[in-house]
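Chain residues, written in single-letter form:
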Amino acid sequence: MRNISSVLGRLAKSISISLVLLFAVTTTSQAQDAANGAALFKSNACNSCHAVGKKITGPDLKGLSERREEAWIVKWIHNPQGMVDSGDEQAVALKAEYPTMMAPYAHLSETDIKDIIAYVQAEEVKLAEKAAKAPAGGAAASSDASGMMIIGLVALFVVAVAVIFALNRVTKTLEKVIAANQATIAAAQAQHEEAGESSSAKFAKAFLKNKKLVFFVVLMVVGLLGVAGWKAMWNVGVHEGYKPVQPIKFSHQIHAGVNQIECQYCHGGAFKSKNASIPSANVCMNCHNTVTASDHYDGEISPEILKIYRAVDYDPETRTYGNNPRPIEWVRIHNLPDFAYFNHSQHVVVAGVECQTCHGPIQDMEEVYQYSPLTMKWCVDCHKTTEVNADNAYYDQLIKAHEKLKKGEKMTAAMIGGLECGKCHY
């Protein structure tokens, strides 16, 4: 009997181990199927139209195995349009509800499709577990939080009552002690104040008693604040030293200084108009279609010159221009108020003023900045000291006009520059 029971025990143990191994193998196989299905689901872009638990552009896949037979699902994925054309009722109903027809996936084997179904079922299980856990966990957490909050509030109330009671007892005791020693405390306090008063405190008291001195100091402070405010307001709108970052690092030192290019070669408007004008990119290309500064960049074109090429859509390899030019967004540096009129040609041509008089040593500037304040006072001071150069055609015309007036001849506004555009148009 003992031998039989021993044999039966070993047999039961063997069967148990086999069942455990079989369950493990089955579970692993299913996990592998679901994992492969997940990979196929994503690699074939199924997730762009379908999801488990919600509709996207295609139907919700939740409950797919309950709604459709596995064989039907395999046929549908292989050739959905063929099933619609064959008159399958379920396929026709899907086509009516979702007009966008799913593409055929004939390259997927039947095993692949079953793996995808396994993945969908695994996602359904996760959704169910999440739905089951959320309310219970949330309610428990909420209940625990409410209980802890009530206990905390009760404890806080008890502590507050105890503290108030203790402070009340301490206050009454201190009041009794102070009342019993009032005279001693007053004498000690007076002695301490007399001994500890500093020289600065004594000076402050004496200063405040002298009303005339206080008035004089207040008057001086008001005067200083007025001067500081006037100086601050006087400099509003003055941008002396302003040097913004430009889209292209153009060096006036190299062009006007080292290469001695005349200012008017680029700023031709200074001779004939109110504005000196910003040169167009075509003026730059007069030189830079051949000058590339490549000797400073290991045989490559300078990155700043490349910006000019991009602006005029120029290809340095083929030496041709394209049809997509773009403006260079230069940042303006010298800017007068709208109510102030200044004419470059009047100063450069008629008066013979050098560019450096207003713009400073432009030939030495790596980056241009505003050299002069350009205020009204600055202009007026210059006009007070600058002698008029009468030896030019402009003043010759004025002299002739005055001679005609002396002789009693008629003279129109046009004869003294009344037709110049700048007289009316700023």
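Summarised in this report is the structure supplied together with it. No experiment lies behind these values; they were computed from the predicted model shown. (Residues numbered from 1 in each chain as written. Predicted model: local features only at pLDDT ≥ 70, side-chain atom pairs only at ≥ 80, totals over all residues. Heavy atoms only, no water.)

**Considerations on the overall build of the protein chain**
In terms of regular secondary structure, the protein chain is built from 18 helices and two strands. Relative to its full complement of 426 residues, the protein chain shows a buried share of 17%. Considering only contacts within the protein chain whose residues lie at least 6 apart along the sequence, 57% involve residues at least 24 apart. Working note: accessible area of the protein chain is about 31,800 Å², and carbon and sulfur atoms make up 62% of it. (Helix = DSSP H or I, 4+ residues; strand = E, 2+ residues; numbered from the N terminus. Buried < 20%, exposed > 50% of the residue type's maximum accessible area, 1.4 Å probe, protein only. Contact = heavy atoms within 4.5 Å. Areas by Shrake-Rupley, 256 points an atom, 1.4 Å probe, with all protein chains shown as cover.)

**Overview of the packing of aromatic side chains**
Taken as a whole and judged by the stated rule, the model has five aromatic pairs. In this structure an aromatic cluster arises from ring pairing among Tyr309, Tyr314 and Tyr321. Directly above the aromatic system of Trp72 lies the positively charged group of Arg68, at a separation of 5.1 Å from the ring centroid. (Phe/Tyr/Trp six-rings, centres within 6.5 Å; stacked < 30°, edge-to-face > 60°. Lys NZ or Arg CZ within 6 Å of the ring centre and 35° of its normal.)

**Describing the side chain of Arg68**
With respect to the helices and strands, the residue Arg68 is situated in the loop between α2 (64-67) and α3 (70-78). Excluding residues that lie within four positions of it along the chain, Arg68 makes contacts with Ile73, Gln90 and Leu94.

**Quick word on the pattern of salt bridges**
If you walk through the whole model with that rule in mind, you get five salt bridges. Among the salt bridges present, the one from Asp381 reaches Lys377, with a minimum N-O distance of 3.1 Å. Of this pair, Asp381 and Lys377 both sit in helix α17 (residues 376-385), four residues apart, which is roughly one turn of that helix. (Salt bridge = Lys/Arg side-chain N within 4 Å of Asp/Glu carboxyl O.)

**So, the nonpolar core**
Counting residues in hydrophobic clusters, the biggest one holds 24 residues, and the most contacted among them are Trp72, Ile73, Trp76, Ile77, Leu108 and Ile113. Among the elements of the structure, α1 (2-43), α3, α4 (80-85), α5 (89-97) and α6 (110-180) are those that each provide at least two residues to this core. Other than its neighbours up to four places away in sequence, Ile73 contacts Leu64, Arg68, Ile113 and Ile117. Counting eight residues, the second largest nonpolar core, distinct from the first, contains Ile248, Tyr309, Val312 and Tyr314. (Core = buried A, V, L, I, M, F, W, Y, C linked by side-chain atoms within 4.5 Å.)

**Section: the packing of helix α13 (residues 281-288) against helix α14 (residues 303-312)**
Between α13 and α14, the shortest axis-to-axis distance is 10 Å and the interhelical angle comes to 125°. Judged by the angle between their axes, α13 and α14 are oblique. In the crossing of α13 with α14, the sense of the turn from one axis to the other is left-handed. Residue-level inspection shows Ala281, Asn282, Cys284, Met285 and His288 of α13 in contact with α14, the latter providing Ile305, Ile308, Tyr309 and Val312. Tallied by class, residues from the contact of α13 with α14 come to seven nonpolar, two polar and no charged. (Axes fitted to C-alpha atoms, helices over the stretch in contact; angles between N-to-C directions. Parallel < 35°, antiparallel > 145°, perpendicular 65-115°, else oblique. Left-handed = near helix turned anticlockwise from the far one by under 90°. Nonpolar A, V, L, I, M, F, W, Y, C, P; charged D, E, K, R; others polar.)

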